[in-house]
Amino acid sequence: LRDLIVKLGGSVITNKAVKESPRIDVIRSLVGILKDRFRVLIHGGGSFGHYVAYEVGLNRRPVSFEDALKVMKSMDRLSNIVLRSLEEFNAKILLIRPREFVINKELRLYKVFEDALVEYKKRGANILTHGDVVVDIGKYNFSVCSGDVLALIFARIFRPKAVIFLSDVDGIYTKDPKRDPSAKLIEDISGSELVGAFEGSSSTDVTGGMKLKVETIKRISEITDVYVLNGFKLDNLKRFLSGDDFVGTRIRRG
Ligand code: ATP
Ligand code: IP8
């Protein structure tokens with residue numbers, strides 16, 4: 001598989017328990033495996049963006065420019081690490097930050113200035129981007145544009161063969177696998193069935209975060225196939241990329 005959109009979850013590339021702790025070796029290994037496979041590489045915030053976002057109250061109350069900038073700078077530190085790793089492998093890639101082309105309203109995506117992205121695509125550019133803080137024209141001043149939403153934005157523009165999400169568990173389960181041992185991995189499902197399978201579980205542990213992620217994945221599956229795989233299981237990822245048997249969740253288009 002080539003020309004993919006890949007989202008590196010913050011739970012994979014950082015240690016979420018410790019502020020601003022990147023997993024450099026994991027980043028390097030993933031970049032090495034993925035470098036010739038993607039058109040768009042997206043990464044999440046993990047213990048960078050999310051940590052500082054929590055400190056300043058982003059998405060919970062209106063924040064000042066100064067506080068928004070703190071979160072942006074934290075994301076820049078992480079994206080610079082990912083970029084450096086890509087450059088070590090000589091990848092030709094352009095870093096584009098959502099704060100420059102996305103506007104939210106009341107915490108939701110409102111407007112994407114996509115003309116430049118479309119032109120980059122036509123010219124064969126490979127793009128690195130990441131979950132970010134963007135202007136919010138509602139009452140919050142600024143809010144988060146997640147890497148998951150970016151995967152949807154870029155899927156609309158790039159129309160890839162598939163979108164891959166890498167997280168710290170094997171895929172999407174019926175319930176949170178870290179909290180509920182009865183959680184079952186959903187292996188193969190159509191986009192239209194996905195939200196039902198997930199909400200249908202009796203779990204009350206499921207966060208709004210995961211629900212939003214699943215809803216975003218459902219919308220991406222209207223455009224292309226989506227796969228959720230474990231970003232720590234590198235041999236499994238390689239098998240997937242070469243078309244062999246793999247463990248994970250496949251969300252079929254439609
Ligand atoms: P980031 O937003 O920083 O990029 P991420 O995309 O890597 O992070 P999280 O938002 O941390 O991922 O979501 C992954 C976590 O969601 C897993 O560690 C898992 O424990 C939890 N989770 C909750 N419910 C489920 C579920 N039904 N299936 C899979 N994971 C779930
Ligand atoms: O980790 C969040 O992106 P995500 C980015 O993809 C910030 O949800 C700034 C918290």
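Since the structure is predicted, the reported quantities are computational estimates derived from the model, not experimental observations.

Parameters at a glance
The residue numbers shown here count from 1 along each chain, following its written sequence. Lettering of chains starts at A and numbering of ligands starts at 1, both following the order in which they are written. Owing to the predicted nature of the model, reporting of local features is limited to residues with pLDDT of at least 70; listing and counting of side-chain atom pairs is limited to 80 or more, with chain, interface and lining totals taken over all residues. The basis for every side-chain value is the complete set of heavy atoms in the structure, and neither hydrogens nor water enter the calculation. Secondary structure is summarised from DSSP: a helix means a run of H or I of at least four residues, a strand means a run of E of at least two, and numbering begins at the N terminus for each. Throughout, radius of gyration means the C-alpha value; the globule benchmark is 2.2 Å times the number of residues raised to the power 0.38. Think of it in three bands: with a 1.4 Å probe and only protein chains considered, a residue is buried below 20% of the maximum accessible area for its type, exposed above 50%, and partly exposed in between. The criterion used for residue contact is that any of the two residues' heavy atoms lie within 4.5 Å. A molecule or strand has a residue near it when one of that residue's heavy atoms lies within 4 Å. Side-chain atoms alone can form a polar contact between residues adjacent in sequence; in general such a contact is a pair of N or O atoms within 3.5 Å, and within protein one must be able to donate a hydrogen while the other accepts it. Computed with a 1.4 Å probe, the accessible areas rest on the Shrake-Rupley method; for each residue, only the protein chains presented here act as cover. The nonpolar class holds Ala, Val, Leu, Ile, Met, Phe, Trp, Tyr, Cys and Pro. Asp, Glu, Lys and Arg form the charged class, and all remaining residues, Gly among them, are polar. Only residues whose relative accessible area exceeds 30% and that form no salt bridge are eligible for patches; like-charged ones are grouped when within 9 Å, while nonpolar side chains (Val, Leu, Ile, Met, Phe, Trp, Tyr) are grouped when within 5 Å. Here, a salt bridge means any side-chain nitrogen of Lys or Arg that lies within 4 Å of a carboxyl oxygen of Asp or Glu. Only the stretch in contact is used when a helix axis is fitted, and all axes are lines through C-alpha atoms; the angle between N-to-C directions ranges over 0 to 180 degrees. Between 65 and 115 degrees an angle is taken as roughly perpendicular, under 35 as roughly parallel, over 145 as roughly antiparallel, and anywhere else as oblique. Helix crossings get a hand from a simple test, with the near helix turned counterclockwise from the far one by less than a right angle marking a left-handed crossing and a clockwise turn marking a right-handed one. The pairing criterion is simple: DSSP has to find at least two bridges between the two strands.

1. Points about the overall build of the protein chain
Reasoning step 1: A count of helical and extended segments in the protein chain gives 9 helices and 12 strands.
Reasoning step 2: Computed over its C-alpha atoms, the radius of gyration of the protein chain comes to 17 Å, within 12% of the 18 Å expected for a compact globule of 254 residues.
Reasoning step 3: Overall, the C-alpha framework of the protein chain stretches about 45 × 45 × 35 Å when taken along its three principal axes.
Reasoning step 4: The buried share among the 254 residues of the protein chain stands at 51%.
Reasoning step 5: By sequence separation, contacts in the protein chain at least 24 residues apart represent 74% of the contacts at least 6 residues apart.

2. Focus on the site of ligand 1
Reasoning step 1: Around ligand 1 there are 21 residues in total, and Gly10, Ser11, Asp168, Lys178 and Lys213 lie nearest to it.
Reasoning step 2: Lysine 16 has a polar side-chain atom sitting 2.8 Å from an oxygen atom of ligand 1.
Reasoning step 3: Taking glycine 46, its main chain carries an N or O atom lying 3.0 Å from an oxygen atom of ligand 1.
Reasoning step 4: Considered on its own, ligand 1 offers 640 Å² of accessible surface; in the complex 86% of this is hidden by protein.
Reasoning step 5: Those elements that provide at least two residues to the shell around ligand 1 are α1 (10–13), α3 (46–56) and α8 (208–220).
Reasoning step 6: Here the residues of the shell around ligand 1 sort into 6 nonpolar, 8 polar and 7 charged.

3. Quick notes on a nonpolar patch on the surface
Reasoning step 1: A surface patch of nonpolar side chains, amounting to about 280 Å² of accessible area, comprises Tyr110, Val135 and Ile137.
Reasoning step 2: Along the chain, isoleucine 137 turns up in the loop between β7 (132–136) and β8 (141–145).
Reasoning step 3: What makes isoleucine 137 partly exposed here is its relative accessible area of 46%.

4. With respect to the packing of helix α2 (residues 24–34) against helix α4 (residues 65–88)
Reasoning step 1: Following both chains from N to C, one finds α2 and α4 inclined at 45 degrees, their axes separated by 9 Å at the closest point. Classified by the interaxial angle, the pair formed by α2 and α4 is oblique. Handedness of the crossing formed by α2 with α4: right-handed. Within the contact between the two elements, α2 uses Ile24, Ile27, Arg28 and Val31 and α4 uses Ile81, Val82, Ser85, Leu86 and Glu88.
Reasoning step 2: Looking at the contact of α2 with α4 residue by residue, the classes come out as 6 nonpolar, 1 polar and 2 charged.

5. Some points on the site of ligand 2
Reasoning step 1: What surrounds ligand 2 is the set Lys7, Gly44, Gly45, Gly49, His50, Val71, Met75, Gly131, Asp132, Val144, Ser146 and Gly147.
Reasoning step 2: Within the side chain of histidine 50, an N or O atom sits 2.8 Å from an oxygen atom of ligand 2.
Reasoning step 3: Glycine 147 is positioned with one of its backbone polar atoms (N or O) 2.7 Å from an oxygen atom of ligand 2.
Reasoning step 4: Contact with the protein chains covers 93% of the free accessible surface of ligand 2, which is 320 Å².
Reasoning step 5: For the shell around ligand 2, the secondary structure elements donating two or more residues are α3 and α4.
Reasoning step 6: Classifying every residue of the shell around ligand 2 by side-chain character gives 3 nonpolar, 7 polar and 2 charged.

6. Some details on the sheet that holds strand β4 (residues 102–105)
Reasoning step 1: Strand order in this open sheet of 4 strands is β5-β4-β7-β8, and the pairing throughout is mixed. Two strands in the sheet have a free side with no partner beyond their single neighbour: β5 (108–112) and β8. For this sheet, the mean angle separating the axes of adjacent strands, direction not counted, is 45 degrees.
Reasoning step 2: Alignment of β7 against β8, held across 5 bridges, turns out to be antiparallel. Directly across from valine 133, in β8, lies its bridge partner valine 144.
Reasoning step 3: Packed onto the sheet, α4 meets β7 and β8 and runs at close to 150 degrees relative to β7.

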